[in-house]
2 protein chains.
Amino acid sequence: MGSVVALAAQVGGAKLAEGLQRLRGKNLSVVVNTGDDFEHLGLAFSPDIDTMLYTLAGMASQKAGWQPEGESYIVQSMLRKLGGPDRPALGDRSLGAPLLRTEALGEGHRLTEITLDFCRRLGIAARVLPMCDERVRTHVLTDEGAVTFHDYFNQLGCEPPVRGFQYAGADAARIPDEVIDALHARDLEAVIIGPANPYHAIRPILEIDGMRDLLRKRGAPVVAVTPIIGGKALMGSAAKMMRELGREPSARAVAGEYRRLIDGFVLDREDVGLAEGIRSLGMQVLVAPTIMRSSEDRVALGEAILGFAARIREARAAAVE
Amino acid sequence: MGSVVALAAQVGGAKLAEGLQRLRGKNLSVVVNTGDDFEHLGLAFSPDIDTMLYTLAGMASQKAGWQPEGESYIVQSMLRKLGGPDRPALGDRSLGAPLLRTEALGEGHRLTEITLDFCRRLGIAARVLPMCDERVRTHVLTDEGAVTFHDYFNQLGCEPPVRGFQYAGADAARIPDEVIDALHARDLEAVIIGPANPYHAIRPILEIDGMRDLLRKRGAPVVAVTPIIGGKALMGSAAKMMRELGREPSARAVAGEYRRLIDGFVLDREDVGLAEGIRSLGMQVLVAPTIMRSSEDRVALGEAILGFAARIREARAAAVE
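The rules behind the values
Residues numbered from 1 in each chain as written. Chains lettered and ligands numbered in written order. Predicted model: local features only at pLDDT ≥ 70, side-chain atom pairs only at ≥ 80, totals over all residues. Heavy atoms only, no water. Helix = DSSP H or I, 4+ residues; strand = E, 2+ residues; numbered from the N terminus. Rg over C-alpha atoms; globule rule 2.2 N^0.38 Å. Buried < 20%, exposed > 50% of the residue type's maximum accessible area, 1.4 Å probe, protein only. Contact = heavy atoms within 4.5 Å. Lys, Arg positive; Asp, Glu negative; His and termini not counted. Charge placed at Lys NZ, Arg CZ, Asp CG, Glu CD. Pairing = 2+ DSSP bridges. Axes fitted to C-alpha atoms, helices over the stretch in contact; angles between N-to-C directions. Patch = residues over 30% accessible without salt bridge, like charges linked within 9 Å, V, L, I, M, F, W, Y side chains within 5 Å. Areas by Shrake-Rupley, 256 points an atom, 1.4 Å probe, with all protein chains shown as cover. Salt bridge = Lys/Arg side-chain N within 4 Å of Asp/Glu carboxyl O. Least-squares fit on C-alpha atoms with pLDDT ≥ 70 in both.

Draft legend 1. Spatial organisation of the overall build of chain A. When helices and strands are tallied, chain A shows 13 helices and 14 strands. Relative to a compact globule of 321 residues, whose C-alpha radius of gyration would be 20 Å, chain A shows 19 Å and is just as compact. Reported as C-alpha extents along the three principal axes, the dimensions of chain A are approximately 70 × 40 × 40 Å. The buried share of chain A, taken over its 321 residues, is 59%. The contacts of chain A with a sequence gap of at least 6 include a subset with a gap of at least 24, amounting to 67%. Of the charged side chains in chain A, 38 are positive and 42 negative; the average position of the first set lies 3 Å away from that of the second.

This is the structure:
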């Protein structure tokens, strides 16, 4: 059993990581987007990291997978009484990690150390690794100017048309040693890009200086999973953003975003008709059920992807012989 | 109807202030101890201010008067899961004010402004005024050295014998303009020192540079209410501290702490036998029921104290004629 690296964010990425964790345990490293991190009330919120932690610890809500099960809003009701901001609504359970993170960052600890400590405390087998320890912020370019993704989501309700993205700080950020080590593992089976918004969830990870080169130079196949099924995003605004950026909202367009980076693309059964077109982009295609409703779905998708990556490795080895 | 200034802290001080607020409304200013303030998880906790706010807003717990009614510990349970500190246990409702306070302080606002804004938001008629805007910390001197009151209370459980107190920062702190204005009011009827620990609740207020002079120079009588009844503190560790400091744990000893500052002392009915001894310290004595179980008790005690102060003023005026 080799090791696996997943690049992930959002609920879909977390669900797939949870399936992979069941298959690979501590041999799974998950590199998580921090471009959507934000400060609120002086606290350091890392929504993608926390969603990943809750999901891998088995604490995530069934219905609202980005937060812990049974979330409540008692602190928020007091904030409101005292004249605090209404949005974003802070869940009580969701406040724990930002409180401890803010304190630890203030004491000079790296985000990576802090996140790994949370993993240990929560009994998470996999290693959850922030994409970098430096501050990177994804900005959404709109007709009225650039806003952070956090503001685009929370203040603007994702309404203004998207004209582009900027990843402020990405070129000055370093790939953390823990991520380099995971990608250099001799037994690395695959790098899996989870089903998540290609623009503000996955792309920031790829924009960290040297990340694309590092992924390409490693021998293991890089495989991406579609976040778009039948022209729609399961959650979030990926399809809307694609339309506004002048792309067709389709799995094929997502595959195109990862061209020259990935070896294989995982397409949902519903989109089987797109397989040929995606192969013509120069990548292998796996058609599989990608909607993860149950824990079994997550494991089944993980197994299918790992098998797909194994076949790519074998084909590559055969070609060399 | 004139104006009243109360110096107060802790639950007893807050209860009396609430009674005075019912009698004087916006003409009441409460100067609150901040010497027991502390930082935890990077947040600025002001326990005496927040107890006062909850009490004056009618939100305080009946049984645990220092916190809001119906307090819960959901954030704390998540902090524990993530490896955060067990103590002090942070209530969910009690987190709102520290979160907003920390943010506002970070933006450069004064503690006084922040506290007055909380008063407005909570519909509090009285003006709650921190004793100063600078950082003052009461330290308890023990045989093992000096510790902050917060650590003495939370980490040491108030166990080590008390050898003395220090009020770090008090000599460099300024009396805020809002407190000066309240004490300079032409219609000032009385300054009332609430029933609270004389060493770490009231004394820090008196240690602010110029505070004693300001209190003495104003024409209004200064009246203190005993926190000790029958040799015991209703709550807290005042009696224990008095014994360790070599004083008898009694209302008389409390009156002695305020000698040369106060014109009158309010003694509980149970301690009527101490009245003569306290008069011999050079102050008037009022014997009254000082235990505030109900809202009516608070108002009745407030009325009795205001009447007592009025008689002191009249006697003084008669003496001048």
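On we go.
Draft legend 2. Molecular detail of the sheet that holds strand E6 (residues 137-142) of chain A. Residue and element names in this part refer to chain A. Here 3 strands make up an open sheet; going across it, the order is E7-E6-E8 and the pairing antiparallel. Each edge of the open sheet carries a strand with a single partner, namely strand E7 (145-148) and strand E8 (164-168). Between one strand axis and the next, the sheet turns by 30 degrees as a mean value, whatever way the strands run. In the sheet, E6 pairs with E8 via 5 bridges, with the strands oriented antiparallel. When the sheet's bridge partners are listed, Arg-137 is paired in E8 with Ala-168. Lying on the sheet, helix H8 (residues 198-207) is in contact with E6 and E8; it crosses E8 at an angle near 45 degrees.

Draft legend 3. Geometry of the pairing of strand E13 (residues 264-268) of chain A. All names here are of chain A. The buried count for E13 comes to 5 of 5 residues, which makes it a mostly enclosed element. Taking every second residue as pointing to the same face, both faces of E13 are buried, with Gly-264, Val-266 and Asp-268 on one and Phe-265 and Leu-267 on the other. Two elements, strand E10 (residues 222-225) and E13, share 3 bridges in a ladder whose sense is parallel. Bridging from a neighbouring strand, Val-223 pairs with Gly-264 of E13. Of the pairings in the sheet, the one linking E13 to strand E14 (residues 284-288) comprises 5 bridges and is parallel in character. Residue Leu-267 lies in a different strand from E14, and its bridge partner there is Val-287.

Draft legend 4. Up close: a nonpolar patch on the surface. All names here are of chain A. On the surface, a cluster of nonpolar side chains totalling about 350 Å² of accessible area is made up of Trp-66, Leu-234 and Met-235. As for its placement among the helices and strands, Trp-66 is situated in the loop between helix H2 (47-56) and helix H3 (74-81). A residue is classified by how much of its surface remains accessible, and Trp-66, at 45% relative accessible area, is partly exposed.

Draft legend 5. Region of interest: the sheet that holds strand E10 (residues 222-225) of chain B. Residue and element names in this part refer to chain B. The strand order E5-E2-E1-E9-E10-E13-E14 describes an open sheet built from 7 strands, whose pairing is parallel. Only two strands of the sheet have a single neighbouring strand rather than two, namely strand E5 (127-130) and strand E14 (284-288). The average angle at which neighbouring strand axes cross in this sheet is 20 degrees, direction not considered. Sheet topology note: the strand E9 (residues 188-193)/E10 ladder contains 3 bridges and is parallel. Bridged to Ile-193 within E10 is Ala-224. Across the sheet, helix H2 (residues 47-56) is in contact with strand E1 (3-8), strand E2 (28-32) and E5; its angle to E2 comes to roughly 150 degrees. Packing against the sheet, helix H8 (residues 198-207) makes contact with E1, E2 and E9, and its axis sits at approximately 115 degrees to E1.

Draft legend 6. Structural context of the relation of the copies chain B and chain A. With an RMSD of 0.0 Å, the operation that places chain B on chain A is a rotation of 180 degrees combined with a shift of 0.0 Å along the axis. Within this description, the copies of the chain are treated as partners about a two-fold rotation axis. The rotation axis passes nearest to the C-alpha of Asp92(B) in chain B, at a distance of 3.6 Å. Both copies contact each other with a shared surface, as 100% of the interface residues of chain B are interface residues in chain A too.

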